[in-house]
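Coordinates in review
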Amino acid sequence: MVNGRRDGLVIGLDLGDGETTLAWTTRSGEGDIRVFQRRSTGERSVLTAMARAATDRRRLLGEEAVYAAGAAEFSLNFKQGPDPAGFETPEAVLFVQSLLAEFLAEQSDRSEQTEEPEQAEESEQTAEPTMVVGHPAGWSAQVVDTYARHLQLRGITTRLLPESQAALVHVRRPGSAAAASDRSLAEQTRPGRVLVVDIGSSTTDFTLITDMEPRSLPLGADFGCRRIDFQVAELVAERLGDNEILKAALAADGGREFLLLACRRAKEAQFTGTQADILRQPVNPRFLPIVELAWGWLRSLEIPALVAAPGGWADEFRELLTQARRLMGDEDPDQVVLTGGGSRMPFTRRICSEIFPGTAVENDPEPAFSVARGLALAGYTELRLLRFRAALAALLDEPELDEVCREHIEKAFTELKRRLTWSVRNGHVRKKGDVEDLVADGDEPRAVSELRETLNQDLGERVSALCRAHGVPHDALDLEFQLPLSVAETLTERLLKYVQSKNTLRSGRASWALSNPRRMIEQQNRRPLQPAQPGNPYVEMARVAWQWGGPALLEAADWLTVRNLVKEIEGLSLDEGKADELVEKIRAHVRDQLLGRLTEIEKLIF
């Protein structure tokens, strides 16, 4: 078990084939990402090397593994995809476990020195550490799953993320150009298509992000800067291979690995223009012949010319970029982000500009730390989004939202009833479709429009406040809420039922026309007047009375029917539970809109 529960740590670990970086922050912090520096060697970019101490057999890491006298089982360049069918713990995982244990031990010591007893007791209750580990984007899903299985440590929540994707998370944060802040995903204007090229020691990863949707390109899984190291090491062997002392040193445990390290340090010094120091401390005695015989020759070798020669590493990198462009289709990216240690070679930027003319090319100022920082930031952002989701759910469950929705639902139903009564008075309602036309497209009740406006103003302001409190880019959430289409349909449903319960709502006159007396009288009325039959003066009087008074009687019946219908409509109310159902639909629709956008943000992270 790796112990480190105390501080609620969020850790990003970039295991490189050449060097490894651990960056960290805390759950309760402001997202300020720090890079771990080892006490024993001062390394921030820890040499990815391991050995066993001669005395207690403890595992030595980084430069300690190189300069410790008598150290055995020296290994270097051991980052590779684990065998899905294997059960033995890979060296890379052993290295991660050892470095993590060292880091957590230092954090625990620091906490004990700075905390008061009460604070220490409270901190023991914080959540367990979260660790995000990078992996090459070119690894298959099966290899990534196997790597994740080996990295599962009791007491630590572990996630994996493609290294190039993590680099983008870091580069796109606010203030990234000046490396001034590590707070969150960038709240700046985002290009639609971004190609991240992470040039590492063993791999070169290509990740294309289109509208925050990442896609790893199947390239570069076996192409990294260590190809240059191997090429330079072969030149050393060719030039100095006849020296018996050097041959013996190379044949010793870890000799060839140390030569590769020397070649890498010489390469880095020439491309960056820095002092070429192989190590800051005296090396293991068995490696001294390599330092004394090969190091001087390496410093005189023009490595940049070797890399730029026809058919050299630079041409291979150009061909890889060309393949990436073909895989991307016709549309070039809006931006290319170069990261990883290899991006410090100036020609990589120039080649990117050649392959993608007109595309902005951006370099991270500290490429050795960008992946680790991005991994830690991704873990921190994921935890922050979880807290934001919880706060958002609480906001949407507040009773104030119910009250606002219910008020506008009632107003909208009242408006629809008013429309129906007007239509009945004017004889415009003949069938079911006439009622459906009350909420035709573009003619929704004003109350429904007001509800949408209220949600966008009041709820939008409160969601924006939550975004600011949790560091979520509110501009990415697109806070323009829409209501479900079923709102107007549900409000109309009650009126449709009422219409269907009546034979007709055309008018009172039409209702009277359905009665038998009305049909009989009108039938009689259509006959021409004839002299009254002798002995039946009442029939003649009735006919004359109907001819002159019938229309007035029909108008009275019409008025009476319309009045009764209007009263019935005005007395209508929504079916029991319909208002609650509508409120829940609105809440669910708004929640789906917000969480849908959040999911798009999270896709950029995991």
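Residues numbered from 1 in each chain as written. Predicted model: local features only at pLDDT ≥ 70, side-chain atom pairs only at ≥ 80, totals over all residues. Heavy atoms only, no water.

1. Examining empty space enclosed by the protein
Per the counting criterion, the structure on display carries 3 cavities of 30 Å³ or more. Looking at the largest cavity, its volume works out to about 460 Å³. The wall of the largest cavity is formed by 31 residues, among which Ile199, Gly200, Ser201, Gly341 and Gly342 lie closest to the centre. Counting only elements with at least two residues in the lining of the largest cavity, the list comes to β1 (9-15), β2 (19-26), β10 (193-199), α8 (255-272) and α13 (367-396). The element contributing the most residues to the lining of the largest cavity is α8, with 5 residues. Grouping the constituent residues of the lining of the largest cavity by class yields 8 nonpolar, 13 polar and 10 charged. (1 Å grid on protein atoms, 1.4 Å probe; cavity = no way out; pocket = protein on both sides within 12 Å on 5 of 7 lines; lining within 4 Å. Points joined across faces, edges and corners; volume = space filled by probe spheres on them. Helix = DSSP H or I, 4+ residues; strand = E, 2+ residues; numbered from the N terminus. Nonpolar A, V, L, I, M, F, W, Y, C, P; charged D, E, K, R; others polar.)

2. Re the packing of aromatic side chains
Counting across every chain of the model gives 10 aromatic pairs. For the ring pair Phe78 and Phe95, a centre distance of 5.8 Å and an interplane angle of 55° mean the geometry is tilted. Taken as a pair, Phe78 in the loop between β7 (72-76) and α2 (91-114) and Phe95 in helix α2 lie far apart in primary sequence, 17 residues in all. Each member of the pair, Phe78 as well as Phe95, is classed as buried. Grouped by ring-pair contacts, the aromatic residues Phe223, Phe271, Trp313, Phe317 and Phe347 constitute a single cluster. Here the basic side chain of Arg34 rests over the ring of Trp24, its NZ or CZ set 4.0 Å away from the ring centre. (Phe/Tyr/Trp six-rings, centres within 6.5 Å; stacked < 30°, edge-to-face > 60°. Buried < 20%, exposed > 50% of the residue type's maximum accessible area, 1.4 Å probe, protein only. Lys NZ or Arg CZ within 6 Å of the ring centre and 35° of its normal.)

3. Let's talk about the packing of helix α5 (residues 163-171) against α13
Their axes nearest at 7 Å, the elements α5 and α13 cross at an angle of 80°. The pairing of α5 with α13 is recorded here as roughly perpendicular in orientation. Each of Glu163, Ala166, Ala167, Val169 and His170 in α5 lies in contact with α13, whose residues at this interface are Ser370, Val371, Arg373, Gly374, Leu375, Leu377 and Ala378. Counted by class, the contact of α5 with α13 contains 7 nonpolar, 3 polar and 2 charged residues. (Axes fitted to C-alpha atoms, helices over the stretch in contact; angles between N-to-C directions. Parallel < 35°, antiparallel > 145°, perpendicular 65-115°, else oblique. Contact = heavy atoms within 4.5 Å.)

4. Structural notes on the confidence of the model for the protein
Residues of the protein with pLDDT of at least 70 account for 75%, and the chain-wide mean is 78. This stretch, residues 1-6, has a pLDDT under 50; its non-local contacts, to residues over four places away or in other chains, come to 23 contacts. (pLDDT = per-residue confidence, 0-100.)

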